[in-house]
Amino acid sequence: MDCQECQERPATLHFTKVVNGNKTEIHVCEQCAKEKGYVSYDEEAYSLHDLLSGLFNFNSSSINKNSEFVQSQVLTCDNCSMTYQDFTRVGKFGCAECYHAFSEHLNPIFRRVHSGNTTHDGKIPKRIGSDLSLKRTLSDYKEKLQNLIKNEEFEQAAKVRDQIKEIERELYKGGGDE
Amino acid sequence: MSLQQFMNEAISPWMKEEGPDSDIVMSSRIRLARNLDQAPFPIIAKQSELTKILEYIKEEYHHQTFKTYHDLEFVNMKDLKPIEKRVLVEKHLISPHLAEKSEQGGVLISESEQVSVMINEEDHIRIQLYFPGFQLEKALEQAFEIDDWLEEKINYAFDENKGYLTSCPTNVGTGMRASVMMHLPALAITQKINRMIPAISQLGLVVRGIYGEGSEALGNIFQISNQITLGRSEMDIVGDLQSVVEKLIEEERKARQLLVEQSSIQLEDRIFRSYGILEHSRIIESKETAKCLSDVRLGIDVGFIKNISKTILNELMVLTQPGFLQQYAKEALSPEERDILRASLIRERLNIENG
Ligand SMILES: [Zn+2]
Ligand SMILES: [Zn+2]
């Protein structure tokens, strides 16, 4: 099978990408893959450089150049100062916080890359994982406490308050290194 | 354990064991991408921030042993010569990205070279685990254990909704790339592989020919890996990959049998010609080497060649790469010099086999 870009070298990288909901097969040689931005330095990841810039162009060429587009240009991650524009150019996030900073624009990108998926369904870190469930219990207890106080059941409320303290101690102990 | 061992042996200790379906599947690999929360990702982080991470990992994990993964050796990329880095790349212990782009890169390598943990690559941490043959599930299980072990002393960047947060959106979620390296000579000779590749890529899997310096699937070796990392569990992803690999194994076996039944003498001729070239040539390019090695390995698998060990393909594939040749020669070599050294190393290696 020849490379679909140069029609010269044999295609060695084969994958599908989703464009506007349609699956398109890509068969390219290593060289064209690099030149066209299908692969990044990462040996096995195909960078989304072209998908991202495609998405971006789509936005800018759409007839109603609405405020969302203008906004997205100045959207900046407070933690690492990467802008959304940087992100679409480089195709990489600068830090974990970028995911929150750019969140309103990300799901369409994730959908393209991950066959329509936007939510994680896999491993949860052991330590943070147990923290997550503790946090969930904590917020449940706090709600309970509010209700008890509202209903003037102070004896019960005192017990719940102790339980909350216990959970909080547990939570802070776990993440105590920093 | 010293760096020297990683450099001198072309074949990693774990490769010497024969895994399931090793006549077709050369190795199974799980890679997990992880980042530290708080710290900026390597692409934009300050050098000083990355040095801190590198020092922390060295402090905590250098010479540590986890289960059967003995004596992790910390290697700082700064301490390596370019040829040494290239050797680690050719052995798949580090990525080209770590070797070439990471100014504050490092790696932890276990004694068996089965585990390598790259530090400050595109992500802060990339865990790689190899198993010989077709053992994806086992590799996943063990990779999870190593991941949990590392997590005891590292706070990972994780989001309930998006999973493990990675620098590239292609890795977010599980951060997992599962892959198998397959030797598919019969499917390649009969050109069936060309019809199968589009079908496989339709399933969200990526097929790539590897070992090519530029283009081709040298040595008929293909890597199959998952494309999607978000929205599906690691088990499901591995499950999908597994069923495709099983299908490929089945097809490759059928194609081999058909070749033996219908074109036995032609196949035997092809195999022994390649064997002859490897045994007698004085100048050989890497492309021809790969083709001949693939034929000889097929010859071993179908029973035409009996006195050579099966690991010869894996071993010579690595040993005859440019970096390794130069490491062996202890000097930089021109392409012509490499072709001569390559031929002589192969002859030497085959002579040992023949006693
Ligand atoms: Zn091309
Ligand atoms: Zn950021």
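Residues numbered from 1 in each chain as written. Chains lettered and ligands numbered in written order. Predicted model: local features only at pLDDT ≥ 70, side-chain atom pairs only at ≥ 80, totals over all residues. Heavy atoms only, no water.

As named in an unreviewed UniProt entry, chain B is Protein-arginine kinase, taken from Aquibacillus albus. The Catalytic activity (unreviewed entry) comment attached to chain B in UniProt states, word for word, "L-arginyl-[protein] + ATP = N(omega)-phospho-L-arginyl-[protein] + ADP + H(+)". (UniProt positions renumbered as here; feature names shortened; annotations may be inferred.)

You'll find chain A entered in an unreviewed UniProt entry as Protein arginine kinase activator, with Aquibacillus albus given as the organism.

Caption draft 1: Here's a closer look at the UniProt feature "coiled-coil region" (unreviewed entry) in chain A. If you check UniProt for "coiled-coil region" (unreviewed entry), the listed places come out as residues 138-170 of chain A in our numbering. Along residues 138-170 of chain A the backbone is 91% helical and 0% strand, and the end-to-end C-alpha distance reaches 11 Å. (Helix = DSSP H or I, 4+ residues; strand = E, 2+ residues; numbered from the N terminus.)

Caption draft 2: Region of the structure containing the pairing of strand β8 (residues 176-183) of chain B. Residues and elements named next belong to chain B. Counted residue by residue, β8 has 8 buried out of 8 residues, so it is predominantly covered. Every second residue of β8 is oriented toward a common face, with Met-176, Ala-178, Val-180 and Met-182 on one face and Arg-177, Ser-179, Met-181 and His-183 on the other, all of them buried. Pairing of strand β1 (residues 25-34) with β8 involves 7 bridges; the strand directions are antiparallel. The residue of β8 that forms the bridge with Arg-31 is Arg-177. As paired strands, β8 and strand β10 (residues 221-226) are joined by 5 bridges and run antiparallel to one another. Its bridge partner being in β10, Met-182 is matched across the sheet by Phe-222. (Buried < 20%, exposed > 50% of the residue type's maximum accessible area, 1.4 Å probe, protein only. Pairing = 2+ DSSP bridges.)

Caption draft 3: Expanded view of the packing of aromatic side chains. Overall, the coordinates contain 12 aromatic pairs over all chains when judged by the stated rule. A cation over an aromatic ring shows up here: Lys-123 of chain A above the ring of Phe-144 of chain B, its NZ or CZ 5.1 Å from the ring centre. The aromatic ring of Tyr-164 of chain B is capped on one face by Arg-34 of chain B, whose charged end is 3.4 Å from the ring centroid. (Phe/Tyr/Trp six-rings, centres within 6.5 Å; stacked < 30°, edge-to-face > 60°. Lys NZ or Arg CZ within 6 Å of the ring centre and 35° of its normal.)

Caption draft 4: How the structure looks around the coordination of the zinc ion (ligand 2). All names here are of chain A. Looking at the zinc ion (ligand 2), the protein donor atoms are Cys-77 (SG), Cys-80 (SG), Cys-95 (SG) and Cys-98 (SG), and they sit 2.3 to 2.4 Å from it. Each donor residue of the zinc ion (ligand 2) lies on one chain, and together they are spaced C-x2-C-x14-C-x2-C. You can call Cys-80 buried: its relative accessible area is 13%. (Donors = N, O, S within 2.8 Å, 3.2 Å for Na, K, Ca; no water.)

Caption draft 5: Broad picture of the coordination of the zinc ion (ligand 1). Residue and element names in this part refer to chain A. Coordination of the zinc ion (ligand 1) by the protein is provided by Cys-3 (SG), Cys-6 (SG), Cys-29 (SG) and Cys-32 (SG), with metal-donor distances spanning 2.3 to 2.4 Å. Each of the 4 donor atoms bound to the zinc ion (ligand 1) contributes to angles spanning 98 to 119°, and the resulting shape is tetrahedral. Going along the chain, you hit the donors of the zinc ion (ligand 1) in the pattern C-x2-C-x22-C-x2-C. Taken together, the residues Cys-6 in the segment before β1 (13-19) and Cys-32 in helix α1 (residues 30-35) connect sequence positions 26 residues apart. Classification of Cys-32 by relative accessible area gives buried; the value is 4%. (Tetrahedral: all angles 85-135°; square planar, octahedral: opposite > 155°, others 65-115°.)

Caption draft 6: Quick look at the nonpolar core. Ile-30, Ile-94, Ile-125, Leu-150, Met-182, Ile-224 and Leu-248 of chain B are the most contacted members of the largest nonpolar core, which has 112 residues in total. For this core, the leading source of residues is helix α8 (residues 234-262) of chain B, giving 9 residues. In this view, Ile-224 of chain B contacts Ala-178, Ser-179, Val-180, Met-182, Ile-200, Leu-205, Val-206, Val-207, Leu-241 and Leu-248 of chain B; residues no more than four positions away in its chain are not counted. Grouped together as the second largest cluster of nonpolar side chains are 21 residues, Cys-98, Phe-102, Phe-110 and Val-113 of chain A included. (Core = buried A, V, L, I, M, F, W, Y, C linked by side-chain atoms within 4.5 Å. Contact = heavy atoms within 4.5 Å.)

Caption draft 7: Seen up close, unusual backbone geometry. A positive phi angle is found at Ser-81 of chain A, which is not glycine, with a value near 55°. Structurally, Ser-81 of chain A is set in the loop between α3 (67-74) and α4 (84-90). A relative accessible area of 53% means that Ser-81 of chain A is categorised as exposed. Of note in this structure, Asn-120 of chain B is not a glycine but carries a positive phi near 60°. Looking at the secondary structure, you find Asn-120 of chain B in the loop between β4 (115-119) and β5 (125-132). Classification of Asn-120 of chain B as buried rests on a relative accessible area of 3%.

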